[in-house]
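# Report on the structure
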There are 2 protein chains.
Amino acid sequence: MRHPYADLVAHAAHLLAAAGLDGDKPTVVAERLVRADAMGHTTHGLALLPAYLRDIGSGAMTRSGEPAIVVDRPAAVVWDGRRLPGVWLTARAVDLAVARARDYGTCTVVIRRSHHIAALAAYLTAATDAGMMVVVASSDPAAAHVAPYGGKRALFTPDPVAIGIPTEGDPILIDISASITTAGLAARLTTAGRPLPGVWALDGEGRPTDAADVLSTDPRGSLLPIGGIDHGHKGYGLALWIEALTQGLSGWGRADGEAGWGGAVFVQVFDPELFAGGPAFRRQTEWLAENCRANPPIDPEKPVRLPGSKAAAGVARAQAEGLELFPGILEALVPWAERLGVAALDGRA
Amino acid sequence: MRHPYADLVAHAAHLLAAAGLDGDKPTVVAERLVRADAMGHTTHGLALLPAYLRDIGSGAMTRSGEPAIVVDRPAAVVWDGRRLPGVWLTARAVDLAVARARDYGTCTVVIRRSHHIAALAAYLTAATDAGMMVVVASSDPAAAHVAPYGGKRALFTPDPVAIGIPTEGDPILIDISASITTAGLAARLTTAGRPLPGVWALDGEGRPTDAADVLSTDPRGSLLPIGGIDHGHKGYGLALWIEALTQGLSGWGRADGEAGWGGAVFVQVFDPELFAGGPAFRRQTEWLAENCRANPPIDPEKPVRLPGSKAAAGVARAQAEGLELFPGILEALVPWAERLGVAALDGRA
């Protein structure tokens, strides 16, 4: 069943407001979650809402106010997120970095003690629509799913990084991570009793496996870094980079031993106008985009795609025709609507 | 046979000066090449010198002068490298970015029309020794070795990226690329008649292979992006990111169709002191370093290593005990020494 995009956003925003988030936080969080679903990131959209509502209720997610400003230099900003909603903090950080990059060419905003930030891909078009290149990366110092290459004990989160690159047409929207897969997908496949799509994990003894439940076994296993057994030192390097950008620059991380679902966040924006110029930038990126799409495909049935093209089509379709959510997501919201006294979502498309 | 580090640098510098490089260019280029050999990057050290000397002779590498300054903002700089030695340009770019980051927290220098920049790992300690985090990335718009994921025609270079991260002890020195392997290693293994260490390539029909000669077959094959057949969309995303950083921001790249061995270069430095503080940064990175080293290894004989630790040990050993070059490298310099009238390297260690 398809639901109008705006209805899904409104329903999620009502739930978040009823739970206690103030100001524009409910709307911003709701819109980014629905967008993640529309982009196909169905483990990082409204599927997260029950856990967010739980954390608002318990106080683990801060309901109101602003981040504390730790450092505010023209091109270098550090916020203490005070466990405010990470989705709202990150959206604001992108807006600030875009505004500053217009004057300084680049701006970096790092956030310590954010709550969870959901799907990084959902933040990119706020920058690319302004003609800017953006990088968003995050890690959660209180969680560990990925071991350093050659090791058995999980130490890093998947450490996602998303990059938005303007072209003359649709932007390139990259959303990758330092690990082959995410904890969210592993959990979903575990529940479904299915294996991972490849040998993407290590069991508790450090043996390669496609078992999806490695994070809940005893001894606990881990998800493999990008490159897997064959060349996982590359994903290991990427993880160290992202942990340093997010936790090192924000000055808050694993060394603090702080518990609680959250994130350290790195946002960086470049305004090509203040480098070699917007047209010169887009001339190169448009050439790349065209030559990727025109590349002769290995499988004639599968043309080479640009990262983000499927996600952008998903958002456009969801906004035009409504969105069908992944099974179980809407059902999990029903008890929350009852508890919070919010009208249930209309079932019609 | 081991040669004193300083003798190797002096010999390479003499050759470069005799070929016509002016000022401090011979010494800077020579030192970074010898350091690359000492770090274990033996395809990207003195093995490159004959080709550099050839390009100096032909005029393909510019011998003298400064880069043209295209943009000079406090934290955003664009140079036209005028085909000057890329090793010298990149070393200077790191120095400038370090100086600017001290005032602004971060500085980005991009270079168009550089000549080749050799091993990216050799530039990192100039920043980490100053307590700063550095990223160096490059691409060569005139070359193509890696196809977009799902495609058959090479479009990207391996697109290396190196990251230097200070800790309380030795810095973490990461040197990876968007492809599984490099054109240099593929060429060396082709000459040796050996396969690649894994299924790291596609043949001209787009079939996965461990053949090392895919770049010289007809139809031409390609090197696989990180993740290979299994999850190569991650390396593809990384390649697009690096091509946009290097060619997009510098405003010079594949769209220009310019021939000739060269590079577009991206250098970025962060001074942690102007973010959350140097001690706060190093507290996190030192924790990461310690917990990587202490991670229980899969193979008890192979402790988990930090990226760069082997390379740093190689440099320390080379500086203390001299350096044994990869077979054939020194022999290839002999005819150049004769042609340029430079005394041959003393054969004793």
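For chain A, an unreviewed UniProt entry supplies the name Ldh family oxidoreductase and the organism Siculibacillus lacustris. According to UniProt, the comment filed for chain A under the heading Sequence similarities (unreviewed entry) is "Belongs to the LDH2/MDH2 oxidoreductase family."

## Section: the overall build of chain A
If you tally the helices and strands in chain A, you get eleven helices and twelve strands. The C-alpha radius of gyration of chain A comes to 20 Å, within 12% of the 20 Å expected for a compact globule of 349 residues. In terms of overall dimensions, chain A has a C-alpha envelope of 55 × 50 × 50 Å along the principal axes. For chain A, contacts bridging at least 24 residues in sequence account for 67% of all contacts bridging at least 6. Accessible surface computed for chain A: about 12500 Å², of which carbon and sulfur atoms make up 52%. Across chain A, the 31 positively charged side chains and the 37 negatively charged ones have centroids separated by 3 Å.

## Description of the interface of chain A and chain B
Taken together, the contact pairs 84 residues of chain A with 84 residues of chain B. At the boundary of chain A with chain B, the tally comes to two salt bridges. Where Arg283 of chain B meets Asp256 of chain A, a salt bridge forms, and the shortest distance between an N and an O atom there is 2.4 Å. Inspection of the chain A/chain B interface yields 36 residue pairs in polar contact (both at pLDDT 80 or more). Broken down by element, the residue count for the side of chain A that touches chain B peaks at 14 residues, all from helix α8 (residues 233-250) of chain A. Residue composition of the side of chain A that touches chain B, by class: 49 nonpolar, 24 polar and eleven charged.

## Some details on the sheet that holds strand β11 (residues 263-270) of chain A
Working definition: the strands of a sheet are paired by backbone hydrogen bonds and lie parallel or antiparallel to each other. All names here are of chain A. One open sheet accounts for seven strands, arranged β2-β3-β4-β11-β5-β6-β7; its pairing is mixed. Since the sheet does not close on itself, it has two edges, and those belong to β2 (68-73) and β7 (172-177), each with one partner. When the angles between neighbouring strand axes are averaged without regard to direction, this sheet yields 10°. As paired strands, strand β3 (residues 76-80) and strand β4 (residues 106-114) are joined by five bridges and run parallel to one another. Note that in β4 the partner of Ala76 across the bridge is Thr108.

## Examining the environment of Glu321 of chain B
Residue and element names in this part refer to chain B. In this fold, Glu321 is placed in helix α10 (residues 309-321). Overall, the relative accessible area of 48% leaves Glu321 in the partly exposed class. Along the primary structure Glu321 and Val87 are separated by 234 residues, whereas in three dimensions their C-alpha atoms are 25 Å apart.

## Re the packing of helix α1 (residues 5-19) of chain B against helix α3 (residues 49-58) of chain B
Residues and elements named next belong to chain B. Two numbers describe how α1 lies on α3: the axes approach to 9 Å, and their chain directions differ by 15°. Considering the angle they form, α1 stands roughly parallel to α3. Remark: the crossing between α1 and α3 carries right-handed chirality. Contacts between α1 and α3 pair Ala12, Leu15, Leu16 and Ala19 from the former with Leu49, Leu53 and Ile56 from the latter. Across the contact of α1 with α3, the residue classes break down as seven nonpolar, no polar and no charged.

## Overview of the sheet that holds strand β9 (residues 222-223) of chain B
Strand order in this open sheet of three strands is β8-β7-β9 (chain B), and the pairing throughout is antiparallel. A strand with exactly one partner marks an edge of an open sheet, and here the two such strands are β8 (208-209) and β9 of chain B.

## Focus on the packing of aromatic side chains
Considering all chains together, one arrives at nine aromatic pairs over all chains under this definition. Geometrically, the ring pair formed by Tyr52 of chain A and Trp261 of chain A is tilted, given 5.5 Å between the ring centres and 55° between the ring planes. Placement of the pair is Tyr52 of chain A in helix α3 (residues 49-58) and Trp261 of chain A in the loop between α8 and β11, with a sequence separation of 209 residues. Assessed through its relative accessible area of 1%, Tyr52 of chain A is described here as buried. Three or more aromatic residues joined by ring pairs make a cluster, and in this case those are Phe266 of chain A together with Phe270 and Phe275 of chain B.

## Regarding helix α11 (residues 329-340) of chain A
Quick reminder: α-helices carry 3.6 residues per turn. Residues three or four places apart thus point the same way. All names here are of chain A. In this model, α11 (twelve residues) spans 17 Å end to end at C-alpha, consistent with the 16 Å of a helix rising 1.5 Å per residue. Listed in full, the buried residues belonging to α11 are Ile329, Leu333, Trp336 and Ala337. End-on view of α11: buried residues confined to an arc of 105°, all on one side of the axis. Along α11, the residues that are exposed and aim more than 90 degrees away from the buried face are Glu331, Glu338 and Arg339. For α11, the secondary structure elements touched by its buried residues are α1 (5-19), α2 (25-39) and α3. Among the residues trailing α11, Gly341 stands out with phi positive, at a value near 70°.

## Details of the environment of Gln268 of chain A
Looking at where Gln268 of chain A falls in the secondary structure, it is placed in strand β11. Along the chain, Gln268 of chain A and Ile176 of chain A lie 92 residues apart, while their C-alpha atoms are 16 Å from each other. Leaving out residues up to four positions away in the same chain, Gln268 of chain A has contacts with Thr106, Cys107, Thr108, Met133, Val134 and Val135 of chain A together with Gln268 and Phe270 of chain B. One polar contact links Gln268 of chain A to Thr108 of chain A, side chain to side chain, over a distance of 3.0 Å.

Conventions used here
- Residues numbered from 1 in each chain as written.
- Chains lettered and ligands numbered in written order.
- Predicted model: local features only at pLDDT ≥ 70, side-chain atom pairs only at ≥ 80, totals over all residues.
- Heavy atoms only, no water.
- UniProt positions renumbered as here; feature names shortened; annotations may be inferred.
- Helix = DSSP H or I, 4+ residues; strand = E, 2+ residues; numbered from the N terminus.
- Rg over C-alpha atoms; globule rule 2.2 N^0.38 Å.
- Contact = heavy atoms within 4.5 Å.
- Areas by Shrake-Rupley, 256 points an atom, 1.4 Å probe, with all protein chains shown as cover.
- Lys, Arg positive; Asp, Glu negative; His and termini not counted.
- Charge placed at Lys NZ, Arg CZ, Asp CG, Glu CD.
- Salt bridge = Lys/Arg side-chain N within 4 Å of Asp/Glu carboxyl O.
- Polar contact = N/O pair within 3.5 Å; in protein donor to acceptor, adjacent residues only side chain to side chain.
- Nonpolar A, V, L, I, M, F, W, Y, C, P; charged D, E, K, R; others polar.
- Pairing = 2+ DSSP bridges.
- Axes fitted to C-alpha atoms, helices over the stretch in contact; angles between N-to-C directions.
- Buried < 20%, exposed > 50% of the residue type's maximum accessible area, 1.4 Å probe, protein only.
- Parallel < 35°, antiparallel > 145°, perpendicular 65-115°, else oblique.
- Left-handed = near helix turned anticlockwise from the far one by under 90°.
- Phe/Tyr/Trp six-rings, centres within 6.5 Å; stacked < 30°, edge-to-face > 60°.
- Expected span 1.5 Å × (residues − 1).
- Arc of directions from axis to C-beta.

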